[in-house]
Amino acid sequence: MKKKIHALFISLLAAALLAGCQSEGGQEEEGSQEADQEQEITIEVEISENEGEEVISTEEHSVEEGSVLMDVMEDNYEIEEEEGFINSIEGIRAEDGEEKAWMYSINGEDASVGANDYEVEEGDEINFDFQSWE
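Residues numbered from 1 in each chain as written. Predicted model: local features only at pLDDT ≥ 70, side-chain atom pairs only at ≥ 80, totals over all residues. Heavy atoms only, no water.

1. Some details on the environment of phenylalanine 85
Using the following cut-off: A run of DSSP states H or I qualifies as a helix once it reaches four residues; a run of E qualifies as a strand once it reaches two. Both are numbered from the N-terminal end. For every residue, the accessible area (1.4 Å probe, protein chains only) is compared with the maximum for its type, and the residue is labelled buried under 20%, exposed over 50%, or partly exposed between those bounds.
By the element assignment, phenylalanine 85 lies in strand S4 (residues 85-89). For phenylalanine 85, a relative accessible area of 62% corresponds to the exposed category. Sequence separation of phenylalanine 85 and methionine 70 is 15 residues, and the distance between their C-alpha atoms is 9.2 Å.

So this is what it looks like as structure tokens:
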């Protein structure tokens, strides 16, 4: 009889431990899902021409926190770049001898670094504008 009670006690103890482990594992999984969600940020990218006279597209993108703008552009648009400078977006580029280029601004301010050096931040409004640089 003592052996049966002892075996029952061990079985109950093992079941309680397993239930506790599953509960903790579920909490960790939920916590890690929240951490994954916290790592995503939302930015808006507008593509335009002639200092905003013609808007080609405006799109919101969810990207990983810490993403570099050049990577965001390469992942979401057809671009060509050379030495960190974007010279074509969606097939729009300067013709030979044309003094136009892609300029970009962040939250209404001219960018002070190249797209390959800018780390996007939550809520950024980024505008790439194909314009004359004369």
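So, next bit.
2. Overview of helix H2 (residues 69-76)
Selection criterion: Directions are taken from the helix axis to each C-beta atom, and the arc is the one they span. We call two residues in contact when some of their heavy atoms are within 4.5 Å.
Those residues of H2 that sit buried are Leu69, Met70, Val72 and Met73. Considered in projection along H2, the buried side chains sweep an arc of 160° and stay on one side of the axis. The inward-facing, buried residues of H2 abut strand S1 (40-49), strand S2 (54-64), strand S3 (79-82), S4, strand S5 (100-106) and strand S7 (125-132).

3. A closer look at the side chain of glutamate 49
Short version of the rule: In summary, the charge assignment counts Lys and Arg as positive and Asp and Glu as negative, without counting His or the chain termini. A pairing counts as a salt bridge when a side-chain nitrogen of Lys or Arg comes within 4 Å of a carboxyl oxygen of Asp or Glu.
Among the structural elements, glutamate 49 can be located in strand S1. Put simply, glutamate 49 is tucked away with no salt bridge, and the nearest opposite charge, on lysine 100, sits 4.7 Å away. Setting aside residues no more than four positions away along its own chain, glutamate 49 makes contact with Glu54, Ile56, Ile92, Asp129 and Phe130.

4. Structural notes on the packing of aromatic side chains
Test applied: Centres within 6.5 Å are what make two rings of Phe, Tyr or Trp a pair, Trp counting through its six-membered ring; a difference in plane orientation under 30 degrees is then read as stacked, over 60 as edge-to-face, and the rest as tilted.
Taken as a whole and assessed by the stated rule, the structure comprises two aromatic pairs. A ring pair is formed by tyrosine 104 and phenylalanine 128, whose centres lie 5.0 Å apart and whose planes are at 20°; its orientation type is stacked. In this pair, tyrosine 104 sits in strand S5 while phenylalanine 128 sits in strand S7, placing the two residues 24 residues apart along the sequence. For the pair shown, tyrosine 104 and phenylalanine 128 are each scored as buried.

5. Regarding the pattern of salt bridges
For the coordinates displayed, the defined rule picks out one salt bridge. A salt bridge links arginine 93 to glutamate 80; the shortest N-O distance between them is 2.4 Å. Taken together, the residues arginine 93 in the loop between S4 and S5 and glutamate 80 in strand S3 connect sequence positions 13 residues apart. With relative accessibility at 38%, the residue glutamate 80 sits in the partly exposed group.

6. Here we look at the pairing of S3
What counts is decided by this rule: Being paired, for any two strands, means DSSP has found at least two bridges between them.
In this sheet, S4 lies alongside S3 in antiparallel orientation, the contact comprising four bridges. The residue of S4 that forms the bridge with glutamate 81 is isoleucine 86. Connecting S3 to the antiparallel partner S4 that follows it, the hairpin turn spans two residues, and glutamate 83 within it adopts a positive phi of roughly 55°.

7. Observations concerning a negative patch on the surface
Note the threshold: Only residues whose relative accessible area exceeds 30% and that form no salt bridge enter a patch; like-charged residues are grouped when within 9 Å of one another, and nonpolar side chains (Val, Leu, Ile, Met, Phe, Trp, Tyr) when within 5 Å. Methods summary: accessible areas were calculated by the Shrake-Rupley approach with a probe of 1.4 Å, and residue burial reflects only the protein chains presented. Think of each charge as sitting on NZ of Lys, CZ of Arg, CG of Asp or CD of Glu.
On the surface, a cluster of negative charge is made up of Asp71, Glu74, Asp75, Glu81, Glu82 and Glu83. Mapped onto the negative patch, the elements with two or more residues apiece are H2 and S3. Here the negative patch gets three residues from one element, more than from any other, and that element is H2. Structurally, glutamate 81 is set in strand S3.

8. Overview of unusual backbone geometry
Comment: phi is negative for the bulk of residues other than glycine, and the bulk of peptide bonds are trans. The residue glutamate 51 is not glycine, and still its phi comes out positive at about 55°. The topology assignment puts glutamate 51 in the loop between S1 and S2. Its identity is not glycine, yet glutamate 90 carries a phi of approximately 50°, on the positive side. In this fold, glutamate 90 is placed in the loop between S4 and S5.

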